[in-house]
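# Results of the structural survey
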Amino acid sequence: MFESSFLEMLMVGVVALLVIGPERLPTVARTIGRWIGKVRRFVAKTRADIDRELNTEELRNMLYKQEEEIRNMQAMMREKTDSVRKELEQHDKPD
């Protein structure tokens, strides 16, 4: 996402040292590190939630397709059963 070279990071560090001062720089760096960690954890959690939600949607689609196949097979079985009954009825009828 953000690309920075070593020279750019060094420049940021030097400017931060000059602006903030050597006494407060470690505290500020620690605070910034904590915030970066929180943002990374939030992004990772959000990404995991989205992946889980997409996986759930895929499973729902698979389940729907399987239920549709089951309904089709049941309809085929009913048709076959009806045709077999008709044949049996015709065979059992006296002429």
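Residue positions are given per chain, counted from 1 along the sequence in the order it is written. Since the coordinates come from a predicted model, pLDDT governs what is reported: local features require at least 70, and pairs of side-chain atoms require 80 or more to be given and counted, while whole-chain, interface and lining totals use all residues. The basis for every side-chain value is the complete set of heavy atoms in the structure, and neither hydrogens nor water enter the calculation.

### Considerations on the overall build of the protein
Keep this limit in mind: Comment: elements are numbered from the N terminus, with helices defined as DSSP H or I runs of at least four residues and strands as E runs of at least two. Burial status follows relative accessibility: with a 1.4 Å probe on protein chains alone, a residue under 20% of its type maximum counts as buried, one over 50% as exposed, and anything between as partly exposed. Every accessible area reported is derived by Shrake-Rupley at a probe size of 1.4 Å, with residue values counting cover from the shown protein chains alone.
Each helix and strand in the protein was counted, giving two helices and zero strands. Structurally, the protein occupies a C-alpha span of about 110 × 25 × 10 Å along its principal axes. Taken across its 95 residues, the protein has 2% of its residues classed as buried. Counting only carbon and sulfur atoms, one obtains 62% of the accessible surface of the protein, whose full area is about 9,600 Å².

### Overview of helix α1 (residues 6–20)
The test is simple: Take the number of residues in a helix, subtract one, and multiply by 1.5 Å to get its expected span.
Here α1 spans 21 Å end to end across 15 residues, near enough to the 21 Å set by a 1.5 Å rise per residue. Of the residues one or two after α1, Gly-21 is the one with positive phi, at around 100°.

### So, a positive patch on the surface
Quick note on the threshold: Only residues whose relative accessible area exceeds 30% and that form no salt bridge are eligible for patches; like-charged ones are grouped when within 9 Å, while nonpolar side chains (Val, Leu, Ile, Met, Phe, Trp, Tyr) are grouped when within 5 Å. For this analysis, a salt bridge means a side-chain nitrogen from Lys or Arg found within 4 Å of a carboxyl oxygen belonging to Asp or Glu. Lys and Arg are tallied as positive, Asp and Glu as negative. Neither His nor the chain termini are counted. By convention, the charge on Lys lies at NZ, on Arg at CZ, on Asp at CG and on Glu at CD.
Together, Arg-30, Arg-34, Lys-38 and Arg-41 make up a positively charged patch on the protein surface. Position of Arg-34 relative to the elements: it lies in helix α2 (residues 25–92).

### Brief notes about the environment of Thr-81
Structurally, the position occupied by Thr-81 is in helix α2. Linking Thr-81 and Ile-32, residues 49 residues apart in sequence, is a C-alpha distance of 73 Å.

### Points about the packing of aromatic side chains
Aromatic ring pairs are described here by two measures, namely the spacing of the ring centres and the angle between the planes. Here is the rule: Side-chain rings of Phe, Tyr and Trp, where Trp is taken by its six-membered ring, are said to pair if the distance between their centres is within 6.5 Å; with planes under 30 degrees apart they count as stacked, over 60 as edge-to-face, and otherwise as tilted. Charge-over-ring contacts are defined here by two conditions on Lys NZ or Arg CZ: a distance within 6 Å of the ring centre and an angle within 35 degrees of the ring normal.
In this structure the tally under the stated criterion is zero aromatic pairs. The cationic tip of Lys-38 hangs over the ring face of Trp-35; the distance from NZ or CZ to the ring centre is 5.3 Å.

### With respect to the pattern of salt bridges
Opposite charge on two side chains makes pairing possible when the charged atoms of those side chains draw close. One pass over the full model with this rule turns up three salt bridges. Two residues, Arg-60 and Glu-57, come together in a salt bridge whose shortest N-O distance is 3.3 Å. Of the two residues, Arg-60 and Glu-57 are both situated in helix α2; the distance of three residues between them amounts to about one turn of the helix. Put simply, Asp-82 and Arg-85 hold a salt bridge, and the shortest N to O gap is 3.8 Å. Separated by three residues within a single helix, Asp-82 and Arg-85 lie in helix α2, roughly one turn from each other. Overall, Asp-82 belongs to the partly exposed group, its relative accessible area being 39%.

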